[in-house]
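Here is how the chains run, residue by residue.
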Amino acid sequence: MEGNISFTGFTAPKILWVKNKEPQNFERIKKIILPKDYIAYKLSGVHCTDASDASGMLIFDVKNRCWSKEMMEICHVKEEQLAKIFESYEVVGNVTEKIAQELEIPTTVKIVAGAGDNAAAAIGTGTVGDGMCNISLGTSGTIFISSKKFGVDKNNALHSFDHADGNYHLMGCMLSAASCNKWWWSKK
């Protein structure tokens, strides 16, 4: 996909692994769903995801905010197996009658698409609009740069994703950055 090189943490490589290693399970796949979206599905009955989280699946055309026909072919999946795309701030539906009764809440309670973890954190830190940046160091390390325009890092060091604010962002991520905190604080 334009703007993203493949990493094992993305969904597409996982789908291909199941296809190659567990073909009988691959044939049983009805829907492909991310963890937060499973919760939205159980609450609303809507098979949905948001553009920011879909960006990390490697089946999504980030620039055009839709599922990539090319990547669906490569992964041998059909569009009906993939979730309906929403922006992070959009309402996907209301709680079902069953959930409303179980939780003793009104059926008017709305379910919103939500966002990927870094996109949601960026909204919380005010990293929105154009040219804002944040760095997060914890178990993983992330640099997040918001942009109003879709951009691609020519060195493939940064991912190009859709942002929860409806725009785009570039992001670099290292999955094991816990030791960075120790280094960072020891330099002060």
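See the structure printed just above.
Residues numbered from 1 in each chain as written. Predicted model: local features only at pLDDT ≥ 70, side-chain atom pairs only at ≥ 80, totals over all residues. Heavy atoms only, no water.

Colleague: With reference to specific residues and values, describe the packing of aromatic side chains.
Modeller: In the structure shown here, the tally under the stated rule is four aromatic pairs. With a centroid separation of 5.4 Å and 80° between ring planes, the pair formed by F60 and W67 is classed as edge-to-face. Taken as a pair, F60 and W67 share a single burial class, namely buried. With centroids separated by 5.6 Å and ring planes inclined at 75°, the aromatic side chains of F150 and Y168 adopt a geometry described as edge-to-face. Here F150, found in the loop between strand 8 (141-147) and strand 9 (159-162), pairs with Y168, found in strand 10 (residues 168-174); they are 18 residues apart in sequence, far enough to count as distant. By the burial criterion, F150 is buried, and Y168 matches it. (Phe/Tyr/Trp six-rings, centres within 6.5 Å; stacked < 30°, edge-to-face > 60°. Buried < 20%, exposed > 50% of the residue type's maximum accessible area, 1.4 Å probe, protein only. Helix = DSSP H or I, 4+ residues; strand = E, 2+ residues; numbered from the N terminus.)

Colleague: If you had to explain the pattern of salt bridges to someone new, which residues and values would you point to?
Modeller: In the structure shown here, the tally under the stated rule is seven salt bridges. Of the charged contacts, one joins R65 and D162 as a salt bridge, the two residues approaching to 2.8 Å between their closest N and O atoms. Residue R65 is found in the loop between strand 2 (60-61) and strand 3 (66-67), and its partner D162 is found in strand 9; the two are separated by 97 residues along the sequence. The pair R65 / D162 is uniform in exposure class, with both members buried. Connected via shared salt-bridge partners are K36, D37, D50 and D53. (Salt bridge = Lys/Arg side-chain N within 4 Å of Asp/Glu carboxyl O.)

Colleague: Give a description of the layout of surface pockets that names residues and reports values.
Modeller: Approximately 650 Å³ is the volume attributed to the largest pocket. Considering the residues around the largest pocket, the lining is formed by 25 residues, among which G9, F10, G56, D117 and F161 are closest to the centre. Contributing elements (two or more residues each) for the lining of the largest pocket: helix 1 (11-21), helix 3 (35-44), helix 4 (51-54), helix 7 (117-125), strand 9 and strand 10. Broken down by class, the residue content of the lining of the largest pocket amounts to eleven nonpolar, ten polar and four charged. Each pocket or cavity is described by its volume, and for the second largest pocket that value is around 180 Å³. T11, K14, I15, V18, N25, R28, I29, I32, I33, L34 and P35 are the residues that line the second largest pocket. Mapped by element, the contributors of at least two residues to the lining of the second largest pocket are helix 1 and helix 2 (23-28). A per-element tally of the lining of the second largest pocket places helix 1 first, with four residues. Within the lining of the second largest pocket, the residues separate by chemical class into seven nonpolar, two polar and two charged. (1 Å grid on protein atoms, 1.4 Å probe; cavity = no way out; pocket = protein on both sides within 12 Å on 5 of 7 lines; lining within 4 Å. Points joined across faces, edges and corners; volume = space filled by probe spheres on them. Nonpolar A, V, L, I, M, F, W, Y, C, P; charged D, E, K, R; others polar.)

Colleague: Kindly report on the environment of E70, identifying the contributing residues and their values.
Modeller: Its location among the elements puts E70 in helix 5 (residues 69-75). The exposure class assigned to E70 is exposed, which follows from its relative accessible area of 56%. Measuring from C-alpha to C-alpha, the distance between E70 and I59 comes to 8.3 Å, with eleven residues separating the pair along the chain.

Colleague: Report on the side chain of S52, specifying residues and quantitative values.
Modeller: Here S52 shows up in helix 4. Of the residues examined, S52 reaches a relative accessible area of 5% and is grouped as buried. Not counting the four nearest positions on each side in its chain, S52 is found in contact with S88, A115, G116, A119, F161, D162, H163 and A164. (Contact = heavy atoms within 4.5 Å.)

Colleague: How would you explain helix 3 if you had to name every residue and give the values?
Modeller: Residues of helix 3 that are buried include every one of D37, A40 and S44, and no others. Buried residues along helix 3 cover an arc of 55° about the axis, so they all sit on one side. Seen from the open side of helix 3, the exposed residues pointing more than 90 degrees away from its buried face are P35 and I39. Packing partners of the buried residues in helix 3 comprise strand 1 (48-50), helix 4, strand 5 (91-94) and strand 6 (110-112). Taken from the residues just after helix 3, G45 is the one with a positive phi, measuring 80°. (Arc of directions from axis to C-beta.)

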